[in-house]
Amino acid sequence: IDSTAGERERSTWETLMTVSASRLSVVTAKYLYVATLGIMAGILNVTAMFVSLGAIIGPLLADASLRADAFQFSVPFLALPVMIVASIALALFFAAAMMVLAAFARSFKDGQAMVTPVVWLALLPMVLGQQTDRTLTPTIAAIPVANAAMMIRDAINGVFLWHLMAETLAVLLAMVAVCLIAA
(Lines give C-alpha, C1' and ligand atoms only; values in the text may rest on other atoms or scores of the structure.)
Protein backbone atom coordinates (compact mmCIF):
# COMPACT_ATOMS: atom_id res chain seq x y z
CA ILE A 1 0.00 0.00 0.00
CA ASP A 2 2.79 2.38 0.93
CA SER A 3 4.65 1.84 -2.33
CA THR A 4 1.68 3.15 -4.33
CA ALA A 5 -0.93 4.98 -2.24
CA GLY A 6 1.67 6.19 0.22
CA GLU A 7 3.57 7.88 -2.58
CA ARG A 8 0.43 9.67 -3.70
CA GLU A 9 -0.24 10.81 -0.17
CA ARG A 10 3.32 12.17 0.23
CA SER A 11 3.12 13.76 -3.25
CA THR A 12 6.14 11.81 -4.50
CA TRP A 13 4.15 9.92 -7.14
CA GLU A 14 4.19 12.87 -9.52
CA THR A 15 7.97 13.17 -9.16
CA LEU A 16 8.32 9.46 -9.86
CA MET A 17 6.30 9.83 -13.05
CA THR A 18 8.77 12.46 -14.34
CA VAL A 19 11.74 10.06 -14.38
CA SER A 20 12.70 8.45 -17.66
CA ALA A 21 11.63 4.97 -16.54
CA SER A 22 8.55 3.56 -18.22
CA ARG A 23 5.38 2.88 -16.25
CA LEU A 24 6.00 -0.82 -16.76
CA SER A 25 9.42 -0.47 -15.13
CA VAL A 26 7.96 1.42 -12.18
CA VAL A 27 5.19 -1.15 -11.64
CA THR A 28 7.64 -4.03 -12.03
CA ALA A 29 10.09 -2.54 -9.54
CA LYS A 30 7.40 -1.85 -6.97
CA TYR A 31 5.92 -5.33 -7.43
CA LEU A 32 9.30 -7.06 -7.13
CA TYR A 33 10.07 -5.08 -3.98
CA VAL A 34 6.84 -6.12 -2.27
CA ALA A 35 6.94 -9.68 -3.63
CA THR A 36 10.53 -10.21 -2.50
CA LEU A 37 9.69 -9.22 1.07
CA GLY A 38 6.60 -11.46 0.97
CA ILE A 39 8.63 -14.38 -0.34
CA MET A 40 11.28 -13.95 2.34
CA ALA A 41 8.61 -13.80 5.05
CA GLY A 42 6.88 -16.89 3.65
CA ILE A 43 10.08 -18.95 3.45
CA LEU A 44 11.11 -17.95 6.97
CA ASN A 45 7.66 -18.78 8.37
CA VAL A 46 7.46 -22.16 6.65
CA THR A 47 10.97 -23.09 7.75
CA ALA A 48 10.30 -22.03 11.35
CA MET A 49 7.03 -23.98 11.43
CA PHE A 50 8.67 -27.05 9.91
CA VAL A 51 11.46 -27.00 12.47
CA SER A 52 9.37 -26.26 15.56
CA LEU A 53 6.00 -27.91 14.89
CA GLY A 54 6.85 -31.26 16.48
CA ALA A 55 8.31 -29.66 19.60
CA ILE A 56 5.21 -27.49 20.04
CA ILE A 57 2.47 -30.00 19.24
CA GLY A 58 4.02 -32.98 21.02
CA PRO A 59 3.65 -31.67 24.59
CA LEU A 60 0.24 -30.18 23.86
CA LEU A 61 -1.27 -33.45 22.67
CA ALA A 62 0.50 -35.80 25.07
CA ASP A 63 -1.72 -37.21 27.79
CA ALA A 64 -0.77 -36.21 31.33
CA SER A 65 -0.32 -39.86 32.24
CA LEU A 66 2.07 -40.44 29.33
CA ARG A 67 5.56 -39.18 28.96
CA ALA A 68 5.87 -36.07 26.77
CA ASP A 69 8.15 -37.87 24.33
CA ALA A 70 5.63 -40.68 23.74
CA PHE A 71 3.80 -38.66 21.13
CA GLN A 72 5.35 -38.86 17.70
CA PHE A 73 4.61 -36.11 15.22
CA SER A 74 6.35 -35.98 11.89
CA VAL A 75 5.99 -34.10 8.66
CA PRO A 76 7.42 -35.69 5.50
CA PHE A 77 10.63 -33.95 4.51
CA LEU A 78 9.29 -33.67 0.93
CA ALA A 79 6.54 -31.43 2.34
CA LEU A 80 9.06 -28.67 3.08
CA PRO A 81 9.83 -27.78 -0.57
CA VAL A 82 6.13 -28.06 -1.46
CA MET A 83 5.23 -25.68 1.37
CA ILE A 84 7.98 -23.25 0.35
CA VAL A 85 6.85 -23.25 -3.29
CA ALA A 86 3.24 -22.70 -2.22
CA SER A 87 4.23 -19.82 0.06
CA ILE A 88 6.21 -18.24 -2.79
CA ALA A 89 3.23 -18.54 -5.14
CA LEU A 90 0.92 -17.05 -2.51
CA ALA A 91 3.32 -14.17 -1.86
CA LEU A 92 3.48 -13.40 -5.58
CA PHE A 93 -0.31 -13.55 -5.88
CA PHE A 94 -1.10 -11.40 -2.83
CA ALA A 95 1.53 -8.82 -3.77
CA ALA A 96 -0.01 -8.50 -7.24
CA ALA A 97 -3.63 -8.47 -6.03
CA MET A 98 -3.00 -5.86 -3.38
CA MET A 99 -0.94 -3.75 -5.78
CA VAL A 100 -3.88 -3.50 -8.17
CA LEU A 101 -6.20 -2.24 -5.44
CA ALA A 102 -3.67 0.03 -3.79
CA ALA A 103 -2.88 1.64 -7.15
CA PHE A 104 -6.36 3.20 -7.18
CA ALA A 105 -6.09 4.58 -3.63
CA ARG A 106 -5.40 8.27 -3.03
CA SER A 107 -4.09 7.85 0.52
CA PHE A 108 -2.65 5.14 2.73
CA LYS A 109 -5.94 4.97 4.65
CA ASP A 110 -7.87 4.46 1.40
CA GLY A 111 -5.40 1.77 0.40
CA GLN A 112 -5.90 -0.09 3.66
CA ALA A 113 -9.66 0.09 3.22
CA MET A 114 -9.39 -1.24 -0.34
CA VAL A 115 -7.07 -4.11 0.57
CA THR A 116 -8.96 -5.29 3.67
CA PRO A 117 -11.63 -7.23 1.71
CA VAL A 118 -8.85 -9.11 -0.11
CA VAL A 119 -7.43 -10.21 3.22
CA TRP A 120 -10.85 -11.34 4.46
CA LEU A 121 -11.65 -13.15 1.22
CA ALA A 122 -8.25 -14.85 1.37
CA LEU A 123 -9.06 -16.31 4.77
CA LEU A 124 -12.29 -18.00 3.66
CA PRO A 125 -10.67 -20.60 1.35
CA MET A 126 -8.29 -21.55 4.13
CA VAL A 127 -11.23 -23.33 5.75
CA LEU A 128 -10.89 -25.98 3.04
CA GLY A 129 -7.46 -26.78 4.40
CA GLN A 130 -9.02 -27.78 7.71
CA GLN A 131 -11.31 -30.43 6.23
CA THR A 132 -9.68 -33.80 6.72
CA ASP A 133 -11.96 -35.74 4.36
CA ARG A 134 -10.88 -33.84 1.22
CA THR A 135 -7.78 -33.76 -0.90
CA LEU A 136 -6.77 -31.47 -3.72
CA THR A 137 -9.09 -31.98 -6.69
CA PRO A 138 -9.01 -30.40 -10.17
CA THR A 139 -11.87 -28.10 -9.15
CA ILE A 140 -10.19 -26.92 -5.96
CA ALA A 141 -6.89 -26.56 -7.84
CA ALA A 142 -8.61 -23.89 -9.97
CA ILE A 143 -9.58 -21.74 -6.95
CA PRO A 144 -6.80 -19.31 -5.96
CA VAL A 145 -5.64 -19.48 -2.33
CA ALA A 146 -7.85 -22.48 -1.58
CA ASN A 147 -5.69 -24.52 -3.95
CA ALA A 148 -2.49 -23.57 -2.13
CA ALA A 149 -4.06 -24.27 1.28
CA MET A 150 -5.10 -27.74 0.16
CA MET A 151 -1.73 -28.36 -1.48
CA ILE A 152 0.06 -27.55 1.78
CA ARG A 153 -2.34 -29.64 3.86
CA ASP A 154 -1.97 -32.61 1.54
CA ALA A 155 1.83 -32.30 1.62
CA ILE A 156 1.81 -32.30 5.42
CA ASN A 157 -0.32 -35.46 5.31
CA GLY A 158 2.09 -37.08 2.85
CA VAL A 159 -0.22 -36.86 -0.18
CA PHE A 160 1.62 -35.54 -3.24
CA LEU A 161 -0.64 -35.13 -6.27
CA TRP A 162 1.97 -33.61 -8.59
CA HIS A 163 -0.30 -32.88 -11.56
CA LEU A 164 -2.75 -31.01 -9.34
CA MET A 165 0.10 -29.15 -7.65
CA ALA A 166 1.27 -28.06 -11.10
CA GLU A 167 -2.27 -26.90 -11.90
CA THR A 168 -2.37 -24.99 -8.61
CA LEU A 169 0.87 -23.18 -9.40
CA ALA A 170 -0.27 -22.45 -12.96
CA VAL A 171 -3.54 -20.94 -11.70
CA LEU A 172 -1.77 -18.77 -9.12
CA LEU A 173 0.84 -17.56 -11.63
CA ALA A 174 -1.88 -16.83 -14.18
CA MET A 175 -3.69 -14.75 -11.55
CA VAL A 176 -0.42 -12.91 -10.87
CA ALA A 177 -0.13 -12.10 -14.58
CA VAL A 178 -3.72 -10.86 -14.74
CA CYS A 179 -3.23 -8.64 -11.68
CA LEU A 180 0.04 -7.19 -12.99
CA ILE A 181 -1.53 -6.41 -16.35
CA ALA A 182 -4.37 -4.65 -14.53
CA ALA A 183 -1.88 -2.72 -12.40
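Only a predicted model underlies this, so the values are computations on that prediction, with no experimental measurement involved.

## Some remarks on the packing of helix H4 (residues 79–103) against helix H7 (residues 146–156)
Part 1: Across the interface, H4 lies against H7 with an axial gap of 9 Å and an inter-helix angle of 170°. Classified by the interaxial angle, the pair formed by H4 and H7 is roughly antiparallel. Residues Ala79, Val82, Met83, Ala86 and Leu90 of H4 lie in contact with H7, whose contacting residues are Ala148, Met151, Ile152, Ala155 and Ile156.
Part 2: Here the contact of H4 with H7 is built from residues that sort into 10 nonpolar, no polar and no charged.

## Topic: the packing of aromatic side chains
We describe a pair of aromatic rings using the distance from one ring centre to the other and the angle between the two ring planes.
Part 1: One pass over the full model with this rule turns up 3 aromatic pairs.
Part 2: With a centroid separation of 5.4 Å and 55° between ring planes, the pair formed by Phe93 and Phe94 is classed as tilted. You'll find Phe93 and Phe94 in the same group, each marked buried.
Part 3: For the ring pair Phe160 and Trp162, a centre distance of 5.5 Å and an interplane angle of 10° mean the geometry is stacked.
Part 4: Overall, the relative accessible area of 48% leaves Trp162 in the partly exposed class.

## A look at the layout of surface pockets
Part 1: Within this model, the second largest pocket holds a volume of roughly 350 Å³.
Part 2: Contributing to the lining of the second largest pocket are 17 residues, with Trp13, Arg23, Val27, Ala103 and Ala183 lying nearest its centre.
Part 3: Looking at the lining of the second largest pocket, the elements with two or more residues in it are helix H1 (2–9), helix H2 (13–17), helix H3 (23–61), H4 and helix H8 (162–182).
Part 4: Per element, the largest residue contribution to the lining of the second largest pocket is 7 residues, and it comes from H3.
Part 5: Considering only residue class, the lining of the second largest pocket consists of 12 nonpolar, 2 polar and 3 charged.

## A closer look at the pattern of salt bridges
Part 1: A full pass over the atoms with the stated rule returns 1 salt bridge.
Part 2: A salt bridge links Asp154 to Arg153, with the nearest nitrogen and oxygen atoms 3.1 Å apart.
Part 3: Among the residues examined, Asp154 registers a relative accessible area of 2% and is labelled buried.

## Concerning the environment of Leu90
Part 1: Relative to the assigned elements, Leu90 resides in helix H4.
Part 2: Taking the C-alpha atoms as reference, Leu90 lies 9.2 Å from Leu169; in sequence the two are 79 residues apart.
Part 3: Each residue touching Leu90, except ones within four places of it in the same chain, is listed here: Val145, Ala148 and Leu172.

## Remarks on the side chain of Asn147
Part 1: By the element assignment, Asn147 lies in helix H7.
Part 2: Excluding residues within four positions of it along the chain, Asn147 makes contact with Leu136, Ile140, Ala141, Thr168, Val171 and Leu172.

Parameters at a glance
Residues numbered from 1 in each chain as written. Predicted model: local features only at pLDDT ≥ 70, side-chain atom pairs only at ≥ 80, totals over all residues. Heavy atoms only, no water. Axes fitted to C-alpha atoms, helices over the stretch in contact; angles between N-to-C directions. Helix = DSSP H or I, 4+ residues; strand = E, 2+ residues; numbered from the N terminus. Parallel < 35°, antiparallel > 145°, perpendicular 65-115°, else oblique. Contact = heavy atoms within 4.5 Å. Nonpolar A, V, L, I, M, F, W, Y, C, P; charged D, E, K, R; others polar. Phe/Tyr/Trp six-rings, centres within 6.5 Å; stacked < 30°, edge-to-face > 60°. Buried < 20%, exposed > 50% of the residue type's maximum accessible area, 1.4 Å probe, protein only. 1 Å grid on protein atoms, 1.4 Å probe; cavity = no way out; pocket = protein on both sides within 12 Å on 5 of 7 lines; lining within 4 Å. Points joined across faces, edges and corners; volume = space filled by probe spheres on them. Salt bridge = Lys/Arg side-chain N within 4 Å of Asp/Glu carboxyl O.

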